[in-house]
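Breakdown of the fold
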Amino acid sequence: MPVLNRAGRGRVAARACVLAATTCALSAGAALPQESPWIWNRPVLNFMGVPGIIDMPTAHSARDADIDVSLSILDGSRRLTGHFQITPRLSGVFRYANLDSYQGIDPYYDRSFDLRFLLHEETARMPAVTVGLQDFGGTGIYAGEYLVATKTFGRLRATTGLGWGRFAGRDGFDNPLGLFSDDFKTRPSGPSGVQGTGQLDAKQWFRGDAALFAGLQYAVNDRLMLSAEYSTDTYSNEEQYTSFEYRSPVNVGLSYRYSDSLSISGAWLHGSAVAAGLTYTFNPKTPNRYPGGFDRAPFPVTPRAPGSAVDLGWTQLTDANGILRDNMQRYLAIDDLLLEGFDVGPRSARISLRMGGQTAPAQVIGRVARMMTNNLPPSVERYDITLIDNNGLAVSTVTLTRSDLEELEHAPDGAWQSFARAKIVSAQDLPTVVDAAYPKASWRLGPYLEASYFDPESPIRLTFGAELSGRYEPAPGLVLQGALRQKLAGNAGDLPTSNSVLEHVRSDNARYADQDGITMPSLTAAKFFRPGEDVFGRITAGWFEPMFGGLSGEVLWKPVDSRLGLGLEINYAKQREYEQGFGFQSYDVWTGHASAYWQGDGGFAYQLDAGRYLAGDWGATLGIDRTFGNGISIGAFATLTDVSFDDFGEGSFDKGIRFDIPLSALTGQRTRASITRTIRPVQRDGGARLEVDGRLYEQVRDFQQPALQSDWGRFWR
């Protein structure tokens, strides 16, 4: 019998691991009924921040809407990864890595994006199957594709996969997809370096040699899991450019789930390196333990006494309308609601209001309707409640009857029945504006924070200071607002001088941020109006943002019961002086967009804007956002214009991730404050759009039927 040396024994053991895992993962037989440990309630993340074993991916998806933020530390590398389960099958990943002395650059920062799609969920007989793209839009350091299958056998999970690119660094063989086309047999080189980031080189995907990887995971108990894998990632880039040393394809590790939100991991990688990881999981569907919040209980419906509905004696009282109006105003103020208009007749009442500190329109309608039963005479049967947006624009009117409120308050399906009986129309015939509604004035003095992300020389740049802002509304729909800032500290002005070949409409941002005196970021006058039943309008003039001022006009067609909206915006913009006073520079441009909006199922919203951007380039922006019932919104966008990737510069085209998190969703307390951020690479000049407050669609959609219907479960809350 031949005697194997240590390397030979290692290869035999590794191949045995692959064979065992493959046999288990692809087993067609039904798994034996065994206990399912709690740690399997969602997949463990690997050191690349995706569902996986140690370095290799697995096939299971996270829970719908889970957001996983993970930090991995290993020899010469640190990876910060955000993983979002966009739908039950589709997930997206953004990864930001820091490598020591990579290609002679120390520190070296790298951005990458992944996509994963679950082709088949695990069943009693079949494994879960997922296809994935890793680092498909970065510099290509981690670029690779895979098809992976995972099967669970009680406390044991087995995974095997077929990988390309980075996943085919060891024991590669001819690409089986070469049977369909010779193009799959070789993998062309892709874009590289900072100037090549962001390019989607689909000609690389699933090309070149392929390799098989595999692994096993064993749940010792509900919290502890042991892992072993045969990895086909040889870390060739890290071994060539950093201190990482590759010795073996076998990785072993463990993961401990401290709580449903927090996990820690450790591993011995490739026979040479210790790795550690920390993962925090947050689900925007349930951001805290109290999804109902800590708001005060609503007023109950006041039932009418028999026969009281025919009593009209109250109509003979002097100033009955004024007395009832004042009573309603006091009740509304208790719930932080603002009365705008009020009329009452023998059988019907009309009221218009702003939401104030409330955040859920359907809940506001339910609360106001119950207040009306407490304050209006029994003969008033019909209630018309008009919602006014924050800029004084009347959007929609909801009509309810007192009889329905009395009947359905305690009905098992009262929320659905109340929506079915409600009538939602475009707001047209408005009640008389109350004297105290206008003029409105408010001001705020507090801190401000601005951030830019992913400069190749620094992960984040911040500017911090104090801001004094004010707002004045002399009449409905007329808004005057402005702000003054004093910078206190920051490093945003340390960005390198722009080398853009386009007009410097955004890339000179450092020159605007690097001002030590008092600046005026905005000073505008805006008029919001309704030119037709399904049409909304806006005209804004002034200094819109720190970099541009001018004149902006917008019109939006958005029927009250439609998921579709169409808009048109035209702007004349002139570049402001760096000091952000009243002066301007010489550059000016006509810019504008035609926009289409669609409210899809599951809280998804889609927006397509096509037109001319600030640098004079023509193109389109696609944005997709998912909004949850508590108001938390997460989305992404990308812009492509006639500017070439080379002329655009770093990033190749404008793209980013955005989120809006109402503080009320986190704390359960009533407030309209929110954390709003757009995370994008250092912004270049291509695809740059004018920033104008009060764009119509964002303020109209939440008050119309599609959004009210999805939120109507809060009507009786």
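Here, every reference points to the structure presented above.
Residues numbered from 1 in each chain as written. Predicted model: local features only at pLDDT ≥ 70, side-chain atom pairs only at ≥ 80, totals over all residues. Heavy atoms only, no water.

**Here's the deal with the overall build of the protein**
Note the threshold: Secondary structure is summarised from DSSP: a helix means a run of H or I of at least four residues, a strand means a run of E of at least two, and numbering begins at the N terminus for each. Note that the radius of gyration is over C-alpha atoms, with the globule rule given as 2.2 Å times the number of residues to the power 0.38. Burial status follows relative accessibility: with a 1.4 Å probe on protein chains alone, a residue under 20% of its type maximum counts as buried, one over 50% as exposed, and anything between as partly exposed. Any two residues whose heavy atoms approach within 4.5 Å are treated as being in contact. We get accessible surface area from the Shrake-Rupley algorithm with a probe of 1.4 Å; when it comes to residues, only the shown protein chains can shield them. Counting rule applied: Lys, Arg positive; Asp, Glu negative; His and chain ends not counted. Every charge is mapped onto a representative atom, which is NZ of Lys, CZ of Arg, CG of Asp or CD of Glu.
The secondary structure content of the protein amounts to eleven helices and 30 strands. The globule rule puts the C-alpha radius of gyration for 717 residues at 27 Å, and the 30 Å found for the protein is close to it. Its C-alpha atoms give the protein principal-axis dimensions of about 115 × 70 × 45 Å. Among the 717 residues that make up the protein, the fraction classed as buried is 52%. Considering only contacts in the protein between residues 6 or more positions apart, those separated by 24 or more positions represent 60%. A total accessible area of about 31400 Å² is found for the protein, and carbon and sulfur atoms account for 59% of it. Positive and negative charge centroids in the protein, built from 69 and 80 side chains respectively, lie 5 Å apart.

**Re the nonpolar core**
The test is simple: Nonpolar core, defined: a set of buried Ala, Val, Leu, Ile, Met, Phe, Trp, Tyr and Cys residues in which side-chain atoms within 4.5 Å join the residues together.
Counting 54 residues, the largest nonpolar core has Leu332, Ile365, Val368, Met372, Ile385 and Trp712 as its most contacted members. For this core, the element with the highest residue contribution is helix α4 (residues 361–375), accounting for seven residues. One finds Ile54, Leu74, Leu269 and Ala275 within the second-largest nonpolar core, a separate group that totals 19 residues.

**Considerations on the sheet that holds strand β16 (residues 394–401)**
In plain terms, the rule: Any two strands with at least two DSSP-identified bridges between them are counted as paired. Axis angles are defined between N-to-C directions and span 0 to 180 degrees, where every axis is a line fitted to C-alpha atoms and, for a helix, only to the segment in contact.
What the five strands build is an open sheet, ordered β13-β14-β15-β16-β17; its pairing is mixed. Edge positions in the sheet fall to β13 (338–344) and β17 (423–426), since each of these pairs with one other strand and no more. Strand-to-strand twist of the sheet, defined as the mean angle between neighbouring strand axes without regard to direction, takes the value 20°. In the sheet, strand β14 (residues 348–354) pairs with strand β15 (residues 382–388) via seven bridges, with the strands oriented parallel. Paired with Ser352 across the strands is Thr386, a residue of β15. The strands touched by helix α3 (residues 320–334) are β13 and β14; relative to β13, the strand with the most contacts, the crossing angle is about 150°. Across the face of the sheet, α4 comes into contact with β14, β15 and β16 while running at roughly 140° to β15.

**Examining the pairing of strand β27 (residues 618–627)**
As paired strands, strand β26 (residues 604–612) and β27 are joined by nine bridges and run antiparallel to one another. The residue bridging Tyr606 from the neighbouring strand is Ile624, located in β27. Counting the residues between successive antiparallel strands, the hairpin from β26 to β27 contains five residues, one of them, Gly616, with a positive phi of roughly 90°. Taken together, the nine bridges between β27 and strand β28 (residues 633–641) define a ladder with antiparallel strand orientation. Opposite Leu622, over in β28, you have Ala638 as the bridge partner. The antiparallel pairing of β27 with β28 creates a hairpin that spans five residues between the two strands, and Gly631 there sits at a positive phi of about 95°.

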